[in-house]
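# Inside the fold
Next come the chains, spelled out residue by residue.
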Amino acid sequence: MKRKICVVTGTRGEYGLLYSLMKEIEKDQDLQLQLVVTGMHLSPEFGLTYREIEQDGFDIYSKVEMLLSSDTPIGAAKSIGLGVISFADVFYGLQPDLLVLLGDRYEILAAAQAALVAKIPIAHIAGGDTTEGAFDEAIRHSITKMSHLHFVTNEESGCRVRQLGENPRHIYNVGSPGIDRIMSLKLMDRFQLEKSLQFSFFKKNLLITFHPVTLAGQSTSLHFKELLEALHDLGSEIGLIFTRPNADPEGRELVHLLDDFVLQHANAIVYTSLGQLRYFSIVAQVDAVVGNSSSGIYEVPSFKRPTVNIGDRQKGRLLASSVINCPPQKAAIEKAIREAFVMDCSATTNPYGDGNSSIKMLHIIKSITDYKALLKKHFYRVGGCENE
């Protein structure tokens, strides 16, 4: 009998990271993929991206509606509660043998809570990272403590998971699965992109994604205004390609500011969802990626392109030499972008792996004969992490 491996995805970026692993599970004769979509995938406001998942050939076993039409902390908290209730029903019906979760979104926290009390073993991808500027940090570590297999993206993160008392035997440094996706894609060329985007590239171009910073001392919109003013001051001869922010508190305010900016700038365009192929094809064409998305840290270094990482949202992550950090201030952002324009990233090495993460995870998943035996955990006190 095939073992049922349930995978939950709630955002476009997370889906891209999970894509290669899901393909490996789907084609394995000993495993059955149970795909559950939730969150922004089901929202018209965020592009109904579950359709892209279906276009990629995946069968969706269940859709969990949990995203309230709100971008306030109250709305986010209520969405988590609704998610826990809904995932409880879904997991009861699917009866998965193993649940695979990635990252630190609150939708994923809801899935983890429901699985914990249902005694469903959890494999967690990208635990142990640190992002000091967002409540994602606490969510990520919470999911780690509810999980039983830990697929970390680098050794520093593995050390942090050990610090949390997890069994070292069940912590695996596999790198980032997002790199696997990059390696498997046949990217669009500039002509194909311009036709698809209905946008003509300029002599210099930027790809920009800026998400709410949920633990910022100031309003995120103030930080975003600093970025927009810096982009304005760079001049109209630079092409600006924006993607919309995630469904987090203050997200809608950022969307309003972004839409107003694009209306007033003929060199700018915004997309709700680009899809993985177009997104990475654009990365390969632009002069720099700007904002505070984890993609600029995880995947962009593989393209030998610079990343201008703004503020504290990704603070604490392992960084490639192609990443330029700057505070959310207009002058600093403009200076960092100008530095990126002349930066040589040809020798950049991505510290998050070589593109074989999904195969590694699949082999580990298949090597475990009894997932239920992982449920009862012992707190491990280990040395070797004193300097963290």
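Everything here concerns the structure above.
Report on the accompanying structure. (Residues numbered from 1 in each chain as written. Predicted model: local features only at pLDDT ≥ 70, side-chain atom pairs only at ≥ 80, totals over all residues. Heavy atoms only, no water.)

### A closer look at the packing of aromatic side chains
- Counted under the stated rule, the structure contains 12 aromatic pairs.
- Ring plane angle 75° and centroid distance 5.4 Å describe the contact between Tyr279 and Phe280, whose orientation is recorded as edge-to-face.
- A relative accessible area of 12% means that Tyr279 is categorised as buried.
- Overall, the relative accessible area of 2% leaves Phe280 in the buried class.
- Centroid distance Phe280 to Phe303: 5.7 Å. Interplanar angle 20°. Geometry classified as stacked. (Phe/Tyr/Trp six-rings, centres within 6.5 Å; stacked < 30°, edge-to-face > 60°. Buried < 20%, exposed > 50% of the residue type's maximum accessible area, 1.4 Å probe, protein only.)

### Considerations on the pairing of strand β4 (residues 98–102)
- For β4, the tally of buried residues reaches 5 of 5 residues, placing the bulk of the element in the interior.
- Burial along β4 is two-sided: Leu98, Val100 and Leu102 facing one way and Leu99 and Leu101 facing the other are all buried.
- Here strand β1 (residues 3–9) pairs with β4 via 3 bridges, running parallel. Bridge pairing in β4 places Ile5 opposite Leu98.
- For β4 and strand β5 (residues 122–125), the ladder comprises 4 bridges, and the chain directions are parallel. Residue pairing across strands places Leu102 opposite Ile125, the latter belonging to β5.
- For the crossover from β4 across helix α4 (residues 106–117) to β5, the handedness is right-handed. (Helix = DSSP H or I, 4+ residues; strand = E, 2+ residues; numbered from the N terminus. Pairing = 2+ DSSP bridges. Right-handed = clockwise from strand over helix to strand, strands pointing away.)

### Looking at the sheet that holds strand β13 (residues 323–326)
- Strand order in this open sheet of 6 strands is β10-β9-β8-β11-β12-β13, and the pairing throughout is parallel. Of all the strands in the sheet, just β10 (268–271) and β13 have a single pairing partner and so form its edges. Each strand of the sheet is rotated relative to its neighbour by a mean of 20°, with strand direction disregarded.
- The pairing of strand β8 (residues 204–209) with strand β9 (residues 238–243) spans 6 bridges and is parallel. Note that in β9 the partner of Leu206 across the bridge is Leu240.
- Contacts from helix α13 (residues 330–341) reach β8, β9, β11 (288–291), β12 (307–310) and β13, with the element oriented near 165° to β13. (Axes fitted to C-alpha atoms, helices over the stretch in contact; angles between N-to-C directions. Contact = heavy atoms within 4.5 Å.)

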